[in-house]
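So you can see what is in the structure, the chains are spelled out below.
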Amino acid sequence: LLGFYRGIVPPLVATSIISTTVFSSFEMVKRQIYNNIVINKNNHNKNNKTLSSSSLLSCSLPVSYIFIAGSCSGFLTSFLTTPLHRVKVQLQTTTSYQYQQHTLRSTITCAKNILQQEGLRNGMYKGWNAQVLSETIGRGVYFGTYEMIKRFHMNYYYYYINEEGNNNNNNN
């Protein structure tokens, strides 16, 4: 039972950093896609200004571009998440003997051990291929789905509000 909680510190500490990275990189890539693909495709470079509002920007992009922006965000995030997952898994699979001998008792000790014994590339980034695949597809689906649901709600409420307004004006 103790092994279950042993690896929980890295994800708790890193959640805010990862969330910030995910959403800021998503917004950055989304703006780049809009500025470099959508504006150029429509040949409105001289008349179109870049959109400042994130909601307006999201509404003007096809969902496929939102998926690509989310996937790029997941790719960038995988560089942060892979070492954290590696330390978490190592701590969760630590034997009671290793824990009693204080060889793998804390997150920092575990990270140092991995770096010393296996190095950065083969140690901390072990399993990066699976992590990058998971993050890339997962973030693309996450942001694509989020955008589709958001657009549905915006259209539904816009229609509902307009219908209510029209019905109230007709009754007067």
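A few points on the structure. (Residues numbered from 1 in each chain as written. Predicted model: local features only at pLDDT ≥ 70, side-chain atom pairs only at ≥ 80, totals over all residues. Heavy atoms only, no water.)

Time to look at the pattern of salt bridges. The tally for this structure, following the rule as stated, stands at six salt bridges. A salt bridge links E118 to R86; the nearest nitrogen and oxygen atoms lie 2.8 Å apart. Of this pair, E118 sits in helix α6 (residues 107–118) while R86 sits in helix α4 (residues 63–92), placing them 32 residues apart in sequence. Across the salt bridge formed by R139 and E135, the nearest N and O atoms sit 3.1 Å from each other. (Salt bridge = Lys/Arg side-chain N within 4 Å of Asp/Glu carboxyl O. Helix = DSSP H or I, 4+ residues; strand = E, 2+ residues; numbered from the N terminus.)

So, about the packing of aromatic side chains. Within the structure shown, the criterion is met by six aromatic pairs. Residues F26 and F143 carry aromatic rings whose centres are separated by 3.8 Å and whose planes lie at 5° to one another, so their mutual orientation is stacked. One end of the pair, F26, is in helix α2 (residues 9–42); the other, F143, is in helix α8 (residues 128–171), and 117 residues separate them in sequence. Relative accessible area serves as the criterion here: at 2%, F143 is assigned to the buried category. Clustering of aromatic rings is evident, with ring pairs tying together F23, F26, Y142 and F143. (Phe/Tyr/Trp six-rings, centres within 6.5 Å; stacked < 30°, edge-to-face > 60°. Buried < 20%, exposed > 50% of the residue type's maximum accessible area, 1.4 Å probe, protein only.)

It is at 10 Å that the axes of α4 and α6 come closest, and there the two elements cross at 105°. One finds that α4 runs roughly perpendicular with respect to α6. Listed contacts from α6 to R86, V87, Q90 and L91 of α4 are T107, C110, A111, I114 and E118. A per-class count over the contact of α4 with α6 returns five nonpolar, two polar and two charged. (Axes fitted to C-alpha atoms, helices over the stretch in contact; angles between N-to-C directions. Parallel < 35°, antiparallel > 145°, perpendicular 65-115°, else oblique. Contact = heavy atoms within 4.5 Å. Nonpolar A, V, L, I, M, F, W, Y, C, P; charged D, E, K, R; others polar.)

Attention now goes to the nonpolar core. Membership of the largest hydrophobic core comes to 13 residues, with the highest contact counts inside it found for F26, I33, L61, I66, A69 and F143. Elements supplying a minimum of two residues to this core: α2 and α4. It is α2 that contributes the most residues to this core, eight residues altogether. For A69, the residues in contact, after removing those within four places along its chain, are F26, V29, K30 and I33. Of all hydrophobic cores here, the second largest spans six residues; its members include L91, C110, A111 and I114. (Core = buried A, V, L, I, M, F, W, Y, C linked by side-chain atoms within 4.5 Å.)

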